Amino acid sequence: MMNNRKLAILCAAALALGTPALAQTSGPTTDDMMTSSNAAPIAKKANPDGFTQQEIIDAAGNFFGKTSGSVGQAVERVFQDQGSPVGYIRGDEYAAAIGVGVRYGQGTLVMKDGQERKIFWQGPSIGLDTGGNASKVFTLVYNLENPDGIYRRYPGVEGAAFFIAGIAVTYQRAEGVTLAPMRTGIGFRAGVNAGYTAYSKRRRALPF
């Protein structure tokens, strides 16, 4: 009986002493995984090379001609999802559709470091509506190291469209670069229905 009690005490002591070493060699715990997932967005939002939320609210508000309060709601949502952008595109877009349609746009890419690029975009749209519209587009740009790397095709991110404060927002992503076009209300149809958008240095007649 006494031997069993001593053995139990020794086993408990060995486990207590061995726990730190075991924790260091084992995989991440649930708490560790939660901390890591929460830390990544914070690091992204604190990007010193990106625009601040207030800078984007001011620029987008002036461009759309809307109050900073209404624009701020849409911008805040994008910042929560993506963090601080390294650039933005301001421009105009035109679209027409009869079930299947097209849209064309042009504008200027503005980077945080002051570089600018003229840019055009075009793409097909798919929907059940008929007609045409025009809209202003203010697109936030993420993870773009070289401004010339903007010129490519960007598929839309499925299920990522939302509408807030009179502004439609979608997400497009290609090879690590994420774009978040924000359109005024009259451009909402073309924005959410487009399958992809191709950005180019020159205007293209064909949207494909």
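Residues numbered from 1 in each chain as written. Predicted model: local features only at pLDDT ≥ 70, side-chain atom pairs only at ≥ 80, totals over all residues. Heavy atoms only, no water.

This part takes up the nonpolar core. One finds Ile 56, Phe 64, Val 78, Phe 138, Leu 140 and Met 182 to be the most contacted residues of the largest nonpolar core, which totals 23 residues. Those elements that provide at least two residues to this core are helix H3 (53-64), helix H4 (68-82), strand S1 (87-111), strand S2 (116-142), strand S5 (167-169) and strand S7 (177-184). Once residues lying within four places of it in the same chain are set aside, the contact partners of Phe 64 are Val 71, Lys 136, Val 137, Phe 138, Ile 167, Met 182 and Thr 184. Judged by nonpolar contacts, the second largest core, of 16 residues, contains Leu 109, Val 141, Ile 150 and Tyr 151. (Core = buried A, V, L, I, M, F, W, Y, C linked by side-chain atoms within 4.5 Å. Buried < 20%, exposed > 50% of the residue type's maximum accessible area, 1.4 Å probe, protein only. Helix = DSSP H or I, 4+ residues; strand = E, 2+ residues; numbered from the N terminus. Contact = heavy atoms within 4.5 Å.)

Attention now moves to the packing of H3 against H4. Following both chains from N to C, one finds H3 and H4 inclined at 130°, their axes separated by 9 Å at the closest point. Classified by the angle their axes make, H3 and H4 are oblique. Note on packing geometry: the crossing formed by H3 with H4 is right-handed. Two secondary-structure elements touch here, H3 through Gln 53, Ile 56, Ile 57, Ala 60, Gly 61 and Phe 64 and H4 through Ser 68, Val 71, Gly 72, Val 75, Glu 76 and Phe 79. A class-by-class count of the residues in the contact of H3 with H4 yields seven nonpolar, four polar and one charged. (Axes fitted to C-alpha atoms, helices over the stretch in contact; angles between N-to-C directions. Parallel < 35°, antiparallel > 145°, perpendicular 65-115°, else oblique. Left-handed = near helix turned anticlockwise from the far one by under 90°. Nonpolar A, V, L, I, M, F, W, Y, C, P; charged D, E, K, R; others polar.)

This part takes up unusual backbone geometry. One non-glycine residue, Asn 143, lies in positive phi territory at about 60°. With respect to the helices, strands and loops of the structure, Asn 143 is situated in the loop between S2 and strand S3 (153-155).

Here S7 lies mainly inside the structure; eight of its eight residues are buried. Neither face of S7 is open: one carries Val 177, Leu 179, Pro 181 and Arg 183, the other Thr 178, Ala 180, Met 182 and Thr 184, and all of them are buried. As judged from the three bridges shared by S5 and S7, these two strands associate in the antiparallel manner. Looking at S7, one finds that Val 169 is bridged to Met 182. Inspection of the sheet shows strand S6 (residues 172-174) paired to S7 by three bridges, in the antiparallel sense. By the bridge assignment for S7, Gln 172 is matched with Leu 179. Once S6 ends, the chain turns through two residues before running back antiparallel as S7, passing Glu 175 with a positive phi of about 50°. (Pairing = 2+ DSSP bridges.)

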